[in-house]
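# Examining the three-dimensional arrangement
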Amino acid sequence: MLKRKGFLLGAVGGLGIASTKNVFAAALGQAPLAGLPGSNDRVLVIVNLQGGNDGLNCVVPHGSSDYYRYRPQIGVAKSEVLAIDANVGFNPQMGSLKGMYDKGMVAVVQGVGYPNPDHSHFRGTQIWQTADPVGYGTTGWLGRYLDAVEAPNANLFNAVAISDVLPEALIAQKTDVPAISNLATYGLASDKNTATSAAFASLSGATGERFTSPYMSHVSEIVDHARRGSQELPKLIAGYKTQASYPATQLGRSLALAAQIVGSKLGTRIIYVQHGSFDTHTGQRAAQDRLLGEFSNAMAAFYDDLAAHGNEKRVLTMTFSEFGRRVGENASRGTDHGTASPLFVVGANVKGGLYGQAPSLTDLDNGDLKFTTDFRSVYTTVLEKWFDRPTAGIVAGTFPTIGFA
């Protein structure tokens, strides 16, 4: 017998649910949608560099002697840096992204953070995803955007998280968002076994159970719609032909799927992917260099693919990480949890270049960088300049926009 607890905790594999209203709308066999009005069919791709990416070895302050004083073992040699100018440059593994930067497609926003930073992975991630450094909200900033624009309930794919679980950034009150780790596993784990599938069907339709709940019929509805959704997505993107050579990495596969979703014009406004972990407490150079190289190469392939289909101007990509790292290296040739870090904004419509002030290496806060750009300014710019949407009700407070969009 399949028990309710077993189903609810373990039967939904590769599927995230972001609200309880009109979950997974029934119109799954729909024709491709043109996108939401008023935003020119634009898509935002979020890349979470999870684990806390070290900004100082990513965008390297090679013009600073203090950088090399703090990092005698793990610092990137000046001769290796892919220089942007006399002060900063890209990690040597980021040649593909540097090429995009030279074409004006990459904005580097320096010193991004927030007041009274938190060094916890969990809390730091929550702050970035809810856009609330003080409170503990129940919705994400992107989920609030989807609710604000009244994303059509008839569309299952208003946003898609290419991840194992739904990120907090996409949790909404009224809009449902699926989390899809990959197409092969998207769906219900119980469907892979005839016995458990039949047992759940019997359980969900039962009326004489000792335990009853007003939500049971709703759970059954979710299961039905999720099952059909997992069947429809491969059909909806089947006509897309990839035109780039993606690296054989998880991020490469995720961005390849993202390009399929964009190119199939399903009305998707936001796609979330993740890469990492960048939690480099030990042996940082090898680990971070590899991850940055994978990110750089995957981004180049993604935009080559988009360009081959005429979609490169429709897509803006923004990275984030829950925090940067400490300025000084530790005894294990790594770095510990820190604060401010650069982020990247990428796209054919981006006004490339350096934005914001690089944090000082001589004026530290107990060994941490002092942030110079509030992350909510980046969010405000994306909302107002890319999506043409006021921030009221999405990002609390007023923050200046940045010139990359």
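Attention in this report is confined to the structure presented alongside it. (Residues numbered from 1 in each chain as written. Predicted model: local features only at pLDDT ≥ 70, side-chain atom pairs only at ≥ 80, totals over all residues. Heavy atoms only, no water.)

Overall, antiparallel pairing links the three strands, which are arranged E3-E5-E4 in an open sheet. The sheet is open, and its two borders are formed by strand E3 (59-60) and strand E4 (82-83), each paired with just one other strand. Looking at chain direction, E3 and strand E5 (residues 89-90) are connected through two bridges and run antiparallel. Looking at the pairing, Val59 lines up with Phe90 of E5. (Pairing = 2+ DSSP bridges. Helix = DSSP H or I, 4+ residues; strand = E, 2+ residues; numbered from the N terminus.)

In this section: unusual backbone geometry. Non-glycine residue Lys265 carries a positive phi angle of around 50°. Here Lys265 lies in the loop between helix H8 (250-263) and strand E9 (270-275). With relative accessibility at 39%, the residue Lys265 sits in the partly exposed group. Positive phi outside glycine occurs at Arg333, with the angle close to 55°. Relative to the helices and strands, Arg333 resides in the loop between strand E10 (315-320) and strand E11 (341-346). (Buried < 20%, exposed > 50% of the residue type's maximum accessible area, 1.4 Å probe, protein only.)

To continue, consider the environment of Ala258. Mapping Ala258 onto the fold places it in helix H8. Residue classification places Ala258 among the buried residues on the basis of a relative accessible area of 0%. Measuring from C-alpha to C-alpha, the distance between Ala258 and Ile162 comes to 8.0 Å, with 96 residues separating the pair along the chain. The contacts of Ala258, once residues within four sequence positions are left out, are Ile162, Ile271 and Phe302. (Contact = heavy atoms within 4.5 Å.)

So, on to the side chain of Asp147. Its place among the elements puts Asp147 in helix H5 (residues 141-148). Put simply, Asp147 is tucked away with no salt bridge, and the nearest opposite charge, on Lys174, sits 5.4 Å away. Within the structure, Asp147 has its side chain in polar contact with the backbone nitrogen of Lys174 (distance 3.0 Å). Those residues in contact with Asp147, other than ones at most four positions away along the chain, are Ala172, Gln173, Lys174 and Thr175. (Lys, Arg positive; Asp, Glu negative; His and termini not counted. Salt bridge = Lys/Arg side-chain N within 4 Å of Asp/Glu carboxyl O. Polar contact = N/O pair within 3.5 Å; in protein donor to acceptor, adjacent residues only side chain to side chain.)

Let's shift gears to the nonpolar core. Of all hydrophobic cores here, the largest spans 52 residues; its most connected members are Leu97, Leu255, Ile271, Phe295, Phe302, Tyr303 and Phe344. Not counting chain neighbours up to four residues away, the residues in contact with Leu97 comprise Phe90, Val106, Phe295, Ser296, Met299, Phe344 and Val346. Within the second largest apolar cluster, 42 residues are counted, among which are Val112, Ala131, Phe375 and Phe404. (Core = buried A, V, L, I, M, F, W, Y, C linked by side-chain atoms within 4.5 Å.)

Time to look at the pairing of strand E2 (residues 43-49). For E2, a buried count of seven out of seven residues is recorded, marking the element as mostly surrounded by other parts of the structure. Relative to E10, E2 runs parallel, the two sharing six bridges. When the bridges of E10 are listed, Val45 appears paired with Thr317. With six bridges connecting them, E2 and E9 associate as parallel partners. Within the sheet, the bridge partner assigned to Leu49 lies in E9 and is His275.

Here the focus is the packing of helix H3 (residues 95-102) against helix H9 (residues 284-308). With their axes 6 Å apart at the nearest point, H3 and H9 run at an angle of 50° to one another. Between H3 and H9, the angle falls in the class oblique. For the pair H3 and H9, contact is made by Gly95, Ser96, Leu97 and Met100 and by Phe295, Ser296, Asn297, Met299, Ala300 and Tyr303, respectively. Among the residues making up the contact of H3 with H9, the classes are represented as six nonpolar, four polar and no charged. (Axes fitted to C-alpha atoms, helices over the stretch in contact; angles between N-to-C directions. Parallel < 35°, antiparallel > 145°, perpendicular 65-115°, else oblique. Nonpolar A, V, L, I, M, F, W, Y, C, P; charged D, E, K, R; others polar.)

Quick look at the environment of Ala392 now. With respect to the secondary-structure elements, Ala392 resides in the segment after helix H10 (375-386). Residue Ala392 is classed as exposed on the basis of its relative accessible area of 64%. Separated by 247 residues in sequence, Ala392 and Tyr145 place their C-alpha atoms 9.7 Å apart.

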